[in-house]
Amino acid sequence: MDTRTLGELLEIIGNSPVRLRTAPAGLAVPVTQTLLHDGRAPLAAAPGALLLAVGVREAEAGPLVRAAADAGMSGLVVRGQDGPLAEAESAGLALLSVDEDTPWHQAHLLFASAIGALPQGLPQGLPQGFPQGLSHGLGQRPSHGPGPRWAAGAALPAAGGGAALGDLFALADTVAAAVGGATCVEDPRQRILAYSTVPGQPVDEDRRQGILGLRVPDSPENSEQYRALFSARGPVRLAALGGGGDGGRDDEGQGDGGQGDNLPRLAVAVRAGGETLGSLWVVDDGGLAPDAEEALAQGAATAALLLLRARAAQELARHRNGDLLRRLLDGTADPADAARRLGLGLGPDGEPEPVRVAAFALDSVIGSPDGEQTTLRLLDLVRLRCEARYGRHACVLTDGVVYALLPAPGDHGGARHRQLAEDIVRQAGQALRVPVRAGLGDLVPGLAQVPASREDADLVRRLLGPELTVASVDEVRPRVTLLRLTEILGARRELGTGAWLRVLEYDAEHGTDYARTLLAWFDAGCDMAGAARLLAVHPNTCRYRLRQARQQIGIDLDDPDERLVLWLQLRTLGGLRS
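What comes next concerns the included structure. (Residues numbered from 1 in each chain as written. Predicted model: local features only at pLDDT ≥ 70, side-chain atom pairs only at ≥ 80, totals over all residues. Heavy atoms only, no water.)

Quick look at the overall build of the protein
Counting secondary structure elements, the protein contains 18 helices and 17 strands. For the protein, the share of sequence-separated contacts (at least 6 apart) that also reach a separation of at least 24 residues comes to 65%. When the accessible surface of the protein is totalled, it reaches about 26400 Å², and 50% of it is carbon and sulfur. (Helix = DSSP H or I, 4+ residues; strand = E, 2+ residues; numbered from the N terminus. Contact = heavy atoms within 4.5 Å. Areas by Shrake-Rupley, 256 points an atom, 1.4 Å probe, with all protein chains shown as cover.)

If you want it as structure tokens, here you go:
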């Protein structure tokens, strides 16, 4: 079995949510596989394995360190910053950590992909036997043609990610030179990440349109070719789409790109650890190198390394943005710096564009660990949908609630935000099989007021239920106001006393129904007939109850102020509804 060392693993992962806490046996220890901890079964011998401490709190992971060491494992991965450092050093076991809000399945995928990315013992990260020409220029911007461009809607990578994706352009150029045809690198969603710009190599209309839109044009023929590509174990040759041709040259040596002159392709899937990361495509004008398939397969191995590094950097950017949003929510972040880092634009008046906080949460409480895992999956889903809509974006999981910061350029943010929340709630309910609720806070003019929008969103979320799964604060403003008044009245002694307590105590002692009668009368606008309809009794019954309440409890129903306070306290503190 191919193995790599802990040091090689960390080098491949690069900038990511992963942190090395200690490596008492050094970085040369082998890492063979990643395992998820199952607390219901004892650890089996697994030499060189990296154990992910799923379901184990970092402060309680000490016993797991010794068990992992006894099983011959190389390291333990905990979530958070306070793992069992002393125990790990004593046991000679490497200790790594991932950020608190990193889903375990993402961490597992990151480690497993890095372990399976390349064969063992490759010099400077290049595949064994890889043509030396392909190593030239990696890490440098191509000396000709346009620089890197990002796919529309894709999140921008953090520091290090731009270099990795920039290396894809250099790789595309060197693959094109070695194989003999114009080359592009795609992700699994058929978005073009990089393309070669070697002069004199023919291109066709499909390639030209793909580069212009940074996406492969949709067609049934394309779908069939992708199925054939991803089911193959190595490079495949694919027929031209829409008819063949000689792909004639223009004066600059580029293809004429006429309709019907599409050329065949040589393509290979890019994989790491069994996961498909993307694909490499080469235009085949009949003049490819004799060893084109071998060179392309080797190029795919280097592409896997670069794509893994780019993805790790993108994950790091996500977590940094999440941490920034967490500080915005509690009011400790600098608004100007946050606006710059999040890429928020300015309105026509030069002020930052308005934003809104959306709060998503599971409707029912699920026992650990399923509840935690389901909430992390909800975070992934919200983040994915928001990134697809807004590009680089900030989402964070805090106290079981997923918060998203929604920009509102123009005058239509409210309707668009609600539609996005409805789509997320519907999709999440289907995917997670758990009802999800979403509350939208007020639209605020700048990041300094994000805590207020978050407070609104949390209040709205508390009012939601099966009949109302998504709402903005404007839609439920009266109920939100009453909820907030309930908290204020309950927190102040002088506001929580009064006639409402005497009414409830009298009802409890004498079996009367004066509180509900009073509330129905208030809700009916002090109309006796209306109150009787709400209570399904005769109007004379209402008159008698109100007269008795005046006499027995001492309520002055002729005083409008007393009526207002009594109604408010019965509705909020008493929790009554007519």
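Details of the nonpolar core
In this structure, Leu9, Phe111 and Val179 are the most contacted members of the largest nonpolar core, which totals 61 residues. Among the elements that take part in this core, helix α8 (residues 292–329) stands out by supplying 11 residues, more than any other. Once residues within four sequence positions are removed from consideration, phenylalanine 111 is found in contact with Leu9, Ile13, Val18, Thr34, Leu50, Leu52, Val77 and Leu96. Membership of the second largest hydrophobic core comes to 25 residues, among which are Phe360, Leu362, Leu378 and Val425. (Core = buried A, V, L, I, M, F, W, Y, C linked by side-chain atoms within 4.5 Å. Buried < 20%, exposed > 50% of the residue type's maximum accessible area, 1.4 Å probe, protein only.)

Some thoughts on the environment of proline 407
Among the secondary structure elements, proline 407 is positioned in strand β15 (residues 401–407). Those residues in contact with proline 407 that lie beyond four places of it in its chain are Leu344, Glu353, Pro354, Val355, Tyr390, His393 and His417.

Examining the pairing of strand β7 (residues 94–98)
Of all five residues in β7, five are buried, a share of seventy percent or more. By the alternation rule, side chains of β7 split into Ala94, Leu96 and Val98 and Leu95 and Ser97, which are all buried. Relative to β7, strand β2 (residues 19–22) is paired through three bridges, and the arrangement is antiparallel. Bridge pairing in β7 links arginine 19 to serine 97. Looking at chain direction, strand β6 (residues 75–79) and β7 are connected through five bridges and run parallel. Directly across from leucine 76, in β7, lies its bridge partner leucine 95. In the classification by handedness, the crossover that spans β6, the intervening helix α3 (residues 85–91) and the parallel β7 is right-handed. (Pairing = 2+ DSSP bridges. Right-handed = clockwise from strand over helix to strand, strands pointing away.)

Topic: the sheet that holds strand β5 (residues 49–52)
Adjacent strands of a sheet form backbone hydrogen bonds with each other and so pair up, either parallel or antiparallel. As summarised here, the arrangement of the five strands in space is β2-β7-β6-β5-β4, forming an open sheet in which the pairing is mixed. Taken across any chain shown, the strands that pair with only one partner, and hence form the sheet edges, are β2 and β4 (33–36). Averaged over neighbouring strand pairs, the angle between their axes works out to 30° when direction is ignored. Strands in contact with helix α1 (residues 6–13) are β2, β5 and β7; relative to β7, the strand with the most contacts, it is inclined by about 15°. (Axes fitted to C-alpha atoms, helices over the stretch in contact; angles between N-to-C directions.)

A look at the packing of aromatic side chains
Aromatic ring pairs are defined here through the distance separating the ring centres and the angle between the ring planes. Taken as a whole, this structure holds five aromatic pairs when the rule is applied. Considering the side-chain rings of phenylalanine 169 and tyrosine 195, the 5.2 Å spacing of their centres and the 70° angle between planes classify their relative orientation as edge-to-face. One end of the pair, phenylalanine 169, is in helix α5 (residues 161–179); the other, tyrosine 195, is in strand β9 (residues 192–195), and 26 residues separate them in sequence. Assessed through its relative accessible area of 2%, phenylalanine 169 is described here as buried. Take tyrosine 195: its relative accessible area is 4%, and that puts it in the buried class. Measuring from ring centre to ring centre gives 5.7 Å for tryptophan 521 and phenylalanine 522, while their planes differ by 40°; the resulting arrangement is tilted. (Phe/Tyr/Trp six-rings, centres within 6.5 Å; stacked < 30°, edge-to-face > 60°.)

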